[in-house]
Amino acid sequence: MKVNWQGVIPAITTKFNRDDTIDYTFFANHCRWLIDAGCVGLVPLGSLGEGATLSFEEKIALLKTALEAIGDRVPVIPGIAALSTTEAVRLAQAAEHIGCSGLMVLPPYVYSTDWREMKAHVDAVLCATSLPAMLYNNPLAYKTDFLPEQIAELAREHSNLQAVKESSADVRRIAAIRALIGERLELLVGVDDCLVEAVQAGAVGWIAGLVNAFPQESVALFQLAQQVRLGQGDHAQLEALYHWFLPLLRLDTVPKFVQLIKLAQEMVGMGSAQVRGPRLELEGEELASARQIIEEALKHRPVID
């Protein structure tokens with residue numbers, strides 16, 4: 001299946017049972033719910049999916065569950081990250097073998113160093129399959145910053161590199177990449193609370209977090225931002241929706257974003273706040289503050305046609 005990078009693509013969460021096993025039935029329903037709302041793909045096994053806590057076997061089971069749940073409706077694009085290059089290559093090849101449509105390629109989980117080593121890791125994963133791939137640049141989380149010049153180098157050397165999830169939170173990066181390679185790569189935003197600014201700068205897709213709890217609002221926000229950029233949308237309507245959404249979207253930008261987004265899912269009745277260690281569920285003042293933000297948003301939740 002050809003990957004459509006232009007739209008809202010959830011970095012989907014992983015729901016756990018109380019015994020710490022994965023709730024595969026819910027995961028399948030969650031996949032379908034997000035696609036029914038207008039999302040154009042799914043990214044399992046990412047940071048928000050608590051990929052670092054999943055065994056290899058659990059990762060494959062989740063991918064098979066997603067593929068079975070949605071069929072050929074949209075592409076499944078797993079996050080490919082591991083402690084070692086060998087393990088990342090193995091996961092990429094397994095994802096291709098079972099029928100995934102693309103890959104989101106991350107730097108190694110723990111080891112971050114210079115461009116020579118990080119490029120060698122990415123090269124190995126990109127060469128391991130024929131699947132179209134998206135490079136994930138998140139220097140704050142992974143301590144590896146793929147600079148525009150380095151992204152351009154990868155694009156020249158790998159024809160299957162089709163997109164970049166740009167999560168540096170610096171929207172100037174979009175213009176910088178475009179200046180070097182034009183339209184060669186599809187550029188997507190990966191930080192929820194700069195979605196509108198990134199679309200105005202030229203981002204064509206959104207690897208989204210709060211979409212796990214608010215899919216209709218996420219799709220509507222992205223579409224409005226696109227329309228306004230093209231001079232066809234209602235700027236006041238976009239501002240109103242963004243103003244309502246921003247307190248929620250900012251939950252995606254802090255270290256406990258997984259706990260916060262899962263709490264939002266629980267509060268909208270589509271998931272559980274349970275996380276897998278080393279993460280712990282929120283408590284005390286931290287929990288109260290988060291609940292207040294989400295409750296306030298739900299009180300004024302807009303009606304999406």
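Remember, it's a predicted structure, so these values are computed and weren't measured experimentally.

1. Some remarks on the pairing of strand β7 (residues 205-208)
So, point 1. Here β7 shows a buried face lined by G205 and I207 and a second buried face lined by W206 and A208.
So, point 2. Across three bridges, the pairing between strand β1 (residues 8-10) and β7 is parallel. Following the sheet pairing, I9 is matched in β7 by I207.
So, point 3. Across two bridges, the pairing between strand β6 (residues 186-189) and β7 is parallel. Within β7, the residue paired with L188 across the bridge is G205.
So, point 4. You can see the chain leave β6, run along helix α8 (residues 195-201) and come back into β7, and the turn it takes is right-handed.

2. Description of the state of the cysteines
So, point 1. Within the structure shown, the criterion is met by zero disulfides.
So, point 2. Note on C31: no disulfide assigned, nearest cysteine sulfur contributed by C39 at a separation of 11 Å.
So, point 3. Among the residues examined, C39 registers a relative accessible area of 4% and is labelled buried.

3. Considering the pattern of salt bridges
So, point 1. Summed over all chains, the structure comprises 16 salt bridges.
So, point 2. Here R276 makes a salt bridge to E58, at a shortest N to O gap of 2.9 Å. Placement of R276 in the loop between α11 (257-267) and α12 (284-299) and of E58 in helix α2 (residues 56-70) is noted, with a sequence separation of 218 residues between them. Here R276 matches E58 in class, with each residue buried.
So, point 3. Through salt bridges that share partners, D20, E58 and R276 make up one connected network.

4. What to know about the UniProt feature "active site" (unreviewed entry) in the protein chain
So, point 1. According to UniProt, the feature "active site" (unreviewed entry) maps to Y136 and K165 in the numbering used here. Despite a sequence span of 30 residues, these residues sit close together in the fold, their greatest C-alpha distance being 4.7 Å.
So, point 2. You can see Y136 is positioned in strand β4 (residues 133-137).
So, point 3. A relative accessible area of 5% places Y136 in the buried class.
So, point 4. Relative to the elements of secondary structure, K165 occurs in strand β5 (residues 161-166).

5. Some thoughts on helix α3 (residues 85-98)
So, point 1. The terminal C-alpha atoms of α3 lie 20 Å apart, and with 14 residues this matches the ideal 20 Å at 1.5 Å per residue to within 8%.
So, point 2. The complete set of buried residues in α3 reads A88, V89, L91, A92, A94 and A95.
So, point 3. The secondary structure elements touched by the buried residues of α3 are α2, β2 (79-80), β3 (103-105) and α4 (115-128).
So, point 4. After α3 finishes, the residue G99 shows a positive phi value of roughly 115 degrees.

6. Section: the packing of aromatic side chains
So, point 1. On inspection of all chains with the given rule, the structure shows five aromatic pairs.
So, point 2. Arranged with centres 6.3 Å apart and planes meeting at 80 degrees, the rings of W115 and F146 form a pair that is edge-to-face. Placement of W115 in helix α4 and of F146 in the loop between α5 (139-142) and α6 (148-157) is noted, with a sequence separation of 31 residues between them.
So, point 3. Classification of F146 as buried rests on a relative accessible area of 1%.
So, point 4. Counting every residue linked through ring pairs, the aromatic cluster contains F214, W244 and F245.
So, point 5. Directly above the aromatic system of F26 lies the positively charged group of K15, at a separation of 5.5 Å from the ring centroid.
So, point 6. Directly above the ring of F56 sits R90, whose terminal nitrogen or CZ lies 3.7 Å from the centroid.

Criteria and thresholds
Residues numbered from 1 in each chain as written. Predicted model: local features only at pLDDT ≥ 70, side-chain atom pairs only at ≥ 80, totals over all residues. Heavy atoms only, no water. Buried < 20%, exposed > 50% of the residue type's maximum accessible area, 1.4 Å probe, protein only. Helix = DSSP H or I, 4+ residues; strand = E, 2+ residues; numbered from the N terminus. Pairing = 2+ DSSP bridges. Right-handed = clockwise from strand over helix to strand, strands pointing away. Disulfide = S-S within 2.5 Å. Salt bridge = Lys/Arg side-chain N within 4 Å of Asp/Glu carboxyl O. UniProt positions renumbered as here; feature names shortened; annotations may be inferred. Expected span 1.5 Å × (residues − 1). Contact = heavy atoms within 4.5 Å. Phe/Tyr/Trp six-rings, centres within 6.5 Å; stacked < 30°, edge-to-face > 60°. Lys NZ or Arg CZ within 6 Å of the ring centre and 35° of its normal.

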